[in-house]
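# Descriptive analysis of the structure
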Protein chains: 2
Amino acid sequence: MQNRQAITILAALAQESRLAVYRLLVEHAPEGLAASAIAEKLGLPNATLSFHLKELSHAGLVSSRQSGRFIYYAPVIEAMDELVGYLTDHCCSQSAGTCATAKRKCAPKKRVATAGKRRSGST
Amino acid sequence: MQNRQAITILAALAQESRLAVYRLLVEHAPEGLAASAIAEKLGLPNATLSFHLKELSHAGLVSSRQSGRFIYYAPVIEAMDELVGYLTDHCCSQSAGTCATAKRKCAPKKRVATAGKRRSGST
DNA sequence: TTGATAATTCTATAATCATGGAAATATAGA
DNA sequence: TCTATATTTCCATGATTATAGAATTATCAA
């Protein structure tokens with residue numbers, strides 16, 4: 001994961017309403033929830049929620065699909081997994097040896113074209 | 001970790017200069033770097049760096065210690081570990097069963113007064 | 001088509017955040 | 001003490017972000 005994208009995702013999560021939306025969606029994964037249901041559950045005005053959903057969407061943290069008049073939003077677990085990977089890849093000092101080796105994942109990794117980029121300096 | 005604190009830490013990291021500072025400090029853990037060294041390496045004006053260091057410090061991501069005329073800043077790995085714990089605790093759906101069980105850590109966990117609070121609903 | 005509902009976009013406003021020069025504070029050495 | 005260096009704080013400015021009412025677009029059902 002690139003620096004830039006990590007910042008985008010961090011910024012998307014670093015806001016009370018958006019974090020609440022994301023966590024709510026995680027509770028309702030993988031189907032997700034309609035925007036109206038999210039707005040009602042969190043007590044957010046439509047326009048405000050729409051703004052935040054766009055941010056989350058732009059960061060790749062949520063996906064949406066239309067079903068009739070409703071648009072369902074669902075969390076993209078892979079994005080969170082990437083973020084956690086980025087953070088753990090950069091949160092500890094190699095020289096200090098404080099990294100535990102266990103690798104934590106949120107979801108099975110999809111094979112992408114850029115496979116093998118991350119954590120490349122492991123030896 | 002509380003919602004509020006997670007947001008504080010996420011916001012602290014969600015900024016280009018601050019993320020760069022944090023990553024630089026991680027490379028130099030555990031001694032850390034003097035503010036002047038950070039400013040030089042990243043090409044940041046003193047006042048700007050000081051502003052960002054305060055943010056990181058306030059979020060609990062870095063600590064500082066004075067040594068002569070220098071103030072050394074070092075990363076607080078436990079804070080990052082807490083954040084990663086928070087994210088993995090909330091990034092996946094229990095019902096969807098997409099959580100891997102492996103627990104990733106950045107540093108050995110310090111025993112604190114609130115031991116056992118996190119991940120309490122595991123059964 | 002009409003009416004109702006779902007969601008987004010438009011828009012203005014307010015609030016927060018980032019930047020960096022200049023002044024202030026703190027420490028060390030002569 | 002005086003001077004140099006390290007760092008922070010003060011302050012003004014500009015940029016970005018959050019909020020939410022109103023208007024708009026889209027879908028469905030009859």
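Everything here concerns the structure above.
An account of the accompanying structure is given in this report. From a predicted model like this one, the values you see are computed outputs, not experimental measurements.

### Structural notes on the protein's contact with DNA strand D
Not every one of the 21 residues close to DNA strand D is listed here, only the nearest: H52 and R69 of chain A together with S36, N46 and Y73 of chain B. Sugar plus phosphate: this is where 71% of the atoms of DNA strand D within 4 Å of the protein reside. R18 of chain A is positioned such that a nitrogen or oxygen atom in its side chain is 2.9 Å from a phosphate oxygen of DNA strand D. H52 of chain A is positioned with one of its side-chain polar atoms (N or O) 2.5 Å from a phosphate oxygen of DNA strand D. Every element with two or more residues in the surface near DNA strand D is listed here: α4 (46-58) of chain A together with α3 (35-42), α4 (46-58) and β3 (70-75) of chain B. For the surface near DNA strand D, the residue count by class is 9 nonpolar, 8 polar and 4 charged.

### A look at the nonpolar core
Ranked by internal contacts, the top residues of the largest apolar core, which has 62 residues, are L13 and L61 of chain A together with L13 and L61 of chain B. Residues within four places of L61 of chain A in sequence aside, it is in contact with I9, A12, L13, Y22, L56, A74, P75, V76, A79 and M80 of chain A.

### Focus: the sheet that holds strand β3 (residues 70-75) of chain A
All names here are of chain A. The sheet built from 3 strands is open, its strands ordered β1-β3-β2 with antiparallel pairing. Two strands in the sheet have a free side with no partner beyond their single neighbour: β1 (33-34) and β2 (62-67). Two elements, β1 and β3, share 2 bridges in a ladder whose sense is antiparallel. Bridge pairing in β3 places A34 opposite Y72. Packed on one face of the sheet, helix α2 (residues 16-27) meets β1, β2 and β3 and runs near 90 degrees to β3.

Conventions and cut-offs
- Residues numbered from 1 in each chain as written.
- Chains lettered and ligands numbered in written order.
- Predicted model: local features only at pLDDT ≥ 70, side-chain atom pairs only at ≥ 80, totals over all residues.
- Heavy atoms only, no water.
- Near = heavy atom within 4 Å.
- Polar contact = N/O pair within 3.5 Å; in protein donor to acceptor, adjacent residues only side chain to side chain.
- Helix = DSSP H or I, 4+ residues; strand = E, 2+ residues; numbered from the N terminus.
- Nonpolar A, V, L, I, M, F, W, Y, C, P; charged D, E, K, R; others polar.
- Core = buried A, V, L, I, M, F, W, Y, C linked by side-chain atoms within 4.5 Å.
- Buried < 20%, exposed > 50% of the residue type's maximum accessible area, 1.4 Å probe, protein only.
- Contact = heavy atoms within 4.5 Å.
- Pairing = 2+ DSSP bridges.
- Axes fitted to C-alpha atoms, helices over the stretch in contact; angles between N-to-C directions.

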